[in-house]
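Summary of the model geometry
Residue-level listing of the chains:
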Amino acid sequence: MFYDLQGEANMSPIVGILYSAVKENSQRLQLITDGMSQEELDYKGPNNKFNSTAQLIQHIMYVDLNWIYRIKGQPLPDSLKEQYGPMIDANNRLPMVKGKSLHTLIIDYEGVIKLLEDTCTQLTDADLDKVVTFGHENEKQATIRWGIWHMADHNRYHQAHINQLRKWYKENSLSN
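This report concerns the structure included in the present document.

Here is what the cut-offs are and how they apply
The numbers attached to residues start from 1 for each chain and follow its sequence in the written order. In keeping with the model being predicted, local features are shown solely for residues with a pLDDT of at least 70 and side-chain atom pairs are shown and tallied solely at 80 or more, while totals for entire chains, interfaces and linings include all residues. Hydrogens and water are ignored here; the side-chain numbers use all heavy atoms of the structure. Counting from the N terminus, the helices are the DSSP runs of H or I reaching at least four residues and the strands are the DSSP runs of E reaching at least two. Just to be clear, the radius of gyration here is over C-alpha atoms, and the globule rule we use is 2.2 Å times residues to the power 0.38. Remark: exposure states derive from per-residue accessible area (1.4 Å probe, protein chains only) relative to the maximum for the residue type, with buried under 20%, exposed over 50%, and partly exposed in between. Residues are treated as being in contact if the distance between any of their heavy atoms lies within 4.5 Å. Counted charges follow a simple rule, with Lys and Arg positive, Asp and Glu negative, and His plus the chain ends left uncounted. Working definition for charges: the position is that of NZ of Lys, CZ of Arg, CG of Asp or CD of Glu. Expected helix span is computed as 1.5 Å times (number of residues minus one). Only the six-membered ring of Trp is used, alongside the rings of Phe and Tyr, when aromatic pairs are assigned; centres must lie within 6.5 Å, and planes under 30 degrees apart are stacked while those over 60 apart are edge-to-face, with the rest tilted. Pairing between strands is defined by DSSP: at least two bridges between them are needed. In what follows, salt bridge is the name for a side-chain nitrogen of Lys or Arg lying within 4 Å of a carboxyl oxygen of Asp or Glu. Remark: nonpolar core denotes a set of buried residues (Ala, Val, Leu, Ile, Met, Phe, Trp, Tyr, Cys) joined through side-chain atoms within 4.5 Å.

Structural notes on the overall build of the protein
Each helix and strand in the protein was counted, giving 6 helices and 2 strands. Traced from its N-terminal end to its C-terminal end, the protein shows the element sequence α-α-α-α-α-β-β-α. Against the globule reference of 16 Å for 176 residues, the protein gives a C-alpha radius of gyration of 17 Å, in line with a compact fold. Considering only C-alpha atoms, the protein reaches an extent of 55 × 45 × 25 Å along its principal axes. Buried positions account for 43% of the 176 residues belonging to the protein. Look at the contacts in the protein between residues 6 or more apart in sequence, and 71% of them connect residues 24 or more apart. Here the protein contributes 18 positively and 22 negatively charged side chains, and the mean placements of these two sets differ by 5 Å.

Focus on helix H3 (residues 53-72)
Taking 1.5 Å of rise per residue, 20 residues should cover 28 Å, and H3 covers 29 Å from first to last C-alpha, within 8% of that figure. H3 sits mainly inside the fold: 19 of its 20 residues count as buried.

Thoughts on the packing of aromatic side chains
Using the criterion set out here, one finds 6 aromatic pairs in the structure. An angle of 70° between the planes, with centres 5.3 Å apart, marks the rings of Tyr 43 and Tyr 169 as edge-to-face. Here Tyr 43 is found in the loop between helix H2 (38-42) and H3, whereas its partner Tyr 169 is found in helix H6 (residues 144-175), with 126 residues between them in sequence. Considered together, Tyr 43 and Tyr 169 belong to a single accessibility category, that of buried residues.

Describing unusual backbone geometry
Going from Gly 85 to Pro 86, the amide bond is cis rather than trans, its omega being 0°. Here Pro 86 is to be found in the loop between helix H4 (78-84) and helix H5 (102-120). With a phi close to 55°, Asn 48 is a non-glycine residue in the positive phi region. Secondary-structure assignment places Asn 48 in the loop between H2 and H3.

Brief notes about the pairing of strand E1 (residues 131-134)
Residues Val 132 and Phe 134 of E1 are buried on one face, while the alternating residues Val 131 and Thr 133, pointing to the opposite face, are not. Alignment of E1 against strand E2 (residues 140-143), held across 4 bridges, turns out to be antiparallel. Among the inter-strand pairings, Val 131 is bridged to a residue of E2, identified as Thr 143. Between the antiparallel neighbours E1 and E2 lie 5 residues, among them Gly 135 with a positive phi of about 105°.

So, the pattern of salt bridges
Scanning the entire structure with this criterion turns up 8 salt bridges. Residue Lys 23 is joined to Glu 8 by a salt bridge in which the shortest nitrogen-to-oxygen separation is 3.7 Å. In this pair, Lys 23 sits in helix H1 (residues 13-33) while Glu 8 sits in the segment before H1, placing the two residues 15 residues apart along the sequence. Residue classification places Lys 23 among the partly exposed residues on the basis of a relative accessible area of 27%. Glu 40 is paired through a salt bridge with Arg 166; the nearest N and O atoms lie 2.7 Å apart. Taken together, the residues span a long stretch of sequence, with Glu 40 in helix H2 and Arg 166 in helix H6 at a distance of 126 residues. Per residue, the accessibility class of Glu 40 equals that of Arg 166, and both read buried.

Quick notes on the nonpolar core
Cys 120 and Ile 148 are the most contacted members of the largest nonpolar core, which has 48 residues in total. Of all the secondary-structure elements, those providing two or more residues to this core are H1, H3, H4, H5, E1 and H6. For this core, the element with the highest residue contribution is H3, accounting for 12 residues. Those residues in contact with Cys 120 that sit more than four places away from it in its chain are Met 11, Val 15, Tyr 19 and Ile 148.

Given below as structure tokens:
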């Protein structure tokens, strides 16, 4: 298999490469979750102490949506906040997601990636220098360039958690 990050034909060169990194990670997320049962998707690790794969996918989508709307210079619409949020619950943890199918999560995530693609086609490489605020209180600043890179990095970070959950789930299934 051959790997490369190619920019998209309808995007500025650097924007296209950054988008390509996010897209590749979204495809990898689909690959590593392929075939998960509902039970495995909702599995929260040993002693129910961790975030489930469903929670992590929902979290990735919500973070990505927030970045997309920051990049667009627009507030996240209330309808999307209700559908995908909140970022954290009253206990400062990822919100519970239970019973939502892998198919639904992946279809929703593909929609988020399509929205990012549409947004990136509107950007020039010079737009990547624009500074936006982020964080729970908008206390941090970053360039749009960093934001798109962060989307790819954040996705990959949580893929490690999903891989660990899959390992624990298989071990737990074998011991029962």
